[in-house]
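# Results of the structural survey
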Amino acid sequence: MKKKLNLKMFKALLAGIMLVTVTSMNLYAAEWKYAMGEGLGDPQGIYATAFTNYIEENSRHKIKIYPVGSLGEETDMMEQTKAGILQFLGQSTGYMGGTIPEMDLFTLPYVMPTDTRQLDYFFKNSKAINEMLPPIFNKHGLELLSIFPEGEMAVTTFVPFHSPADLKGKKMRVMPGSPILVETYKAFGASPVPMTWGDLIGALKTNMVDGQENPTVWIEAYDLDHLTKVLTYTGHGHFNASASANKKFFDGLGERDKKLVRSAAEHAHQVILKEAEKLDAYGLGRIVRSNPDFKIVTLTKDERTPFKEAATSVQALFASKSASNKALLDQMQADLKEAEAKAK
Ligand code: 6CS
């Protein structure tokens, strides 16, 4: 009799422990840190906010977002994420090529289209992004979540240019983490100056540089159209951003939280891709309305030809750096061909 009582009590105790464990797992609430290279109202902020809202609406976890400048420069954030100080990182691809060489794929001149429907299809379906990059990020201690576009690269200068000869000797600021951006502007005839965003405004005001490139929505949001005189569309590139997590942190999550993070990234990716379709038009519209004297130039097909010819040596240089770079570029070009054929 006594033995039966003990067994009954043991089973009740075990059931109680299991119930508490299961409940506590669902009630487990963490606070995660998410740093990014832009402000809350910018494309990376739109992604981070959508990601955070999804996490907080579907769990008890909280995310604190750190916009650029709150934890230092964009250049510092990758190391802080790899060290596990941050759980999530929003980073412009132009800052990543120095650490993850393959990421210069997204700064290559005259590879990505400017058509927003093709870009939308590409970023949703690309094998280069969805299958080839994740293991490369893992090697660098990161878990890739998303890559998305922020708009066509537009070049702002103090004087108009229509050819590489016009750019000869011009000091052109480029983002500081991309060897390919340096090679691109050398090939375009200019003298590239790698520089963080934090130093660019002062450099433009003191004529330390003769121009810079950024997407139109950023140019408008941060008044670069009031710090330069001409905006030129060359069609040579696109500004892209990534979102990733610290790999050790991500691997340490339970299956439920791993699925939660992946679903939040998918949701945020859809939100920003929808937004990205209108960012260029939005930025240009505001510039034209608020700064009517600012000159807007679109290079003609013939004017683009020497820039495109110069770009082929930069593409070849990227592919020659490693078998991984070449495989990625080949796959990206196949992905872009599919996007051109299938984008509606
Ligand atoms: O030019 C830059 O460095 C900045 N441009 C954009 C569009 N996002 C953040 C980046 O730091």
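Anyway, here's the lowdown on the structure attached to this text. All residue numbers refer to positions counted from 1 along the written sequence of the respective chain. Predicted model: local features are reported for residues with pLDDT of at least 70 only, side-chain atom pairs are reported and counted for 80 or more only, and whole-chain, interface and lining totals are derived from all residues. Excluding hydrogens and water, the side-chain figures rest on all heavy atoms present in the structure.

### Comments concerning the packing of aromatic side chains
Selection rule: A pair of aromatic rings is counted whenever rings of Phe, Tyr or Trp (Trp by its six-membered ring) have centres within 6.5 Å, and the orientation is called stacked for planes under 30 degrees apart, edge-to-face for over 60 and tilted otherwise. Numbering goes from the N terminus for both helices and strands, where a helix is a DSSP run of H or I of at least four residues and a strand is a run of E of at least two. The buried label goes to any residue with under 20% of its type's maximum accessible area, the exposed label to any with over 50%, and the partly exposed label to all in between, with areas taken from a 1.4 Å probe on protein chains only.
What the rule picks out here adds up to 16 aromatic pairs. Ring geometry for Y47 and F51: centres 6.4 Å apart, planes at 15 degrees, overall stacked. Here the residue Y47 and the residue F51 both occupy positions in helix α2 (residues 43-57), the gap between them amounting to four residues, near one helical turn. Exposure class is identical for Y47 and F51. Each is buried.

### Describing the pairing of strand β7 (residues 211-215)
Every regular strand shows the same layout, with side chains that alternate between the two sheet faces. With respect to burial, β7 is a largely interior element, five of its five residues being buried. Neither face of β7 is exposed, since G211, E213 and P215 on one face and Q212 and N214 on the opposite face are all buried.

### With respect to the site of the ligand
Our working definition: Throughout this document, a residue counts as near a molecule or strand when at least one of its heavy atoms sits within 4 Å of that molecule or strand. In the analysis that follows, any N or O atom pair within 3.5 Å is treated as a polar contact, provided that within protein one partner can donate a hydrogen and the other can accept it, and provided that, for residues neighboring in sequence, both atoms belong to side chains. Areas reported as accessible are Shrake-Rupley estimates using a 1.4 Å probe. Residue values count occlusion only from the protein chains shown. With a 1 Å grid spanning the protein atoms alone, the term cavity applies to any set of points in which a 1.4 Å probe fits but cannot get out, the term pocket to an open set with protein on both sides within 12 Å along at least five of seven lines, and the term lining residue to any residue with an atom within 4 Å of a point. The rule for placing a molecule in a cavity or pocket is simple: more than half of its atoms must lie within 2 Å of the grid points. Each residue gets one of three labels, nonpolar for Ala, Val, Leu, Ile, Met, Phe, Trp, Tyr, Cys and Pro, charged for Asp, Glu, Lys and Arg, and polar for the others, Gly among them.
For the ligand, the set of nearby residues contains 13 residues, the closest of which are E38, E74, Y95, R173 and N214. With respect to the ligand, the side chain of E38 contributes an N or O atom lying 2.7 Å from a nitrogen atom. Protein coverage of the free-state accessible area of the ligand, which is 300 Å², stands at 99%. Assessed atom by atom at 2 Å from the grid points, the ligand resides in the largest cavity. Looking at the shell around the ligand, its residues break down into six nonpolar, three polar and four charged.

### Structural notes on empty space enclosed by the protein
Quick reminder of the rule: Grid points are joined across faces, edges and corners, and a volume is the space filled by probe spheres set on the points.
The full count for this structure, using the stated rule, is three cavities of 30 Å³ or more. Counted as a void, the largest cavity has a volume near 80 Å³. The wall of the largest cavity is formed by G37, E38, E74, S92, Y95, R173, M175, W197, N214, W218 and F239. Looking at side-chain class alone, the lining of the largest cavity contains five nonpolar, three polar and three charged residues. In this model, the second largest cavity occupies a volume close to 70 Å³. Surrounding the second largest cavity, 13 residues form its lining, F106, T107, M153, L181 and H238 being those nearest its centre.

### Re helix α3 (residues 74-82)
This is how it is decided: The arc in question is the one spanned by the directions pointing from the helix axis to the C-beta atoms. The contact criterion used throughout is that any non-hydrogen atoms of two residues lie within 4.5 Å.
Along α3, the positions that sit buried rather than exposed are E74, M77, M78, Q80 and T81. Mapping the buried residues of α3 onto a view down its axis gives an arc of 170 degrees, with all of them on the same face. Packing partners of the buried residues in α3 comprise β1 (31-36), β3 (88-92), β4 (142-157) and β9 (238-246). Immediately beyond the C-terminal end of α3, within one or two residues, lies G84, with a positive phi of roughly 85 degrees.

### Structural notes on unusual backbone geometry
Unusually for a residue other than glycine, N207 sits at a positive phi of about 55 degrees. With respect to the helices, strands and loops of the structure, N207 is situated in the loop between α7 (197-205) and β7. You will see that D223, though not glycine, has its phi angle at about 60 degrees, which is positive. Inspection of the secondary structure assignment puts D223 in the loop between α8 (216-221) and β8 (230-233). Judged by relative accessible area, D223 falls into the partly exposed class, the value being 42%.

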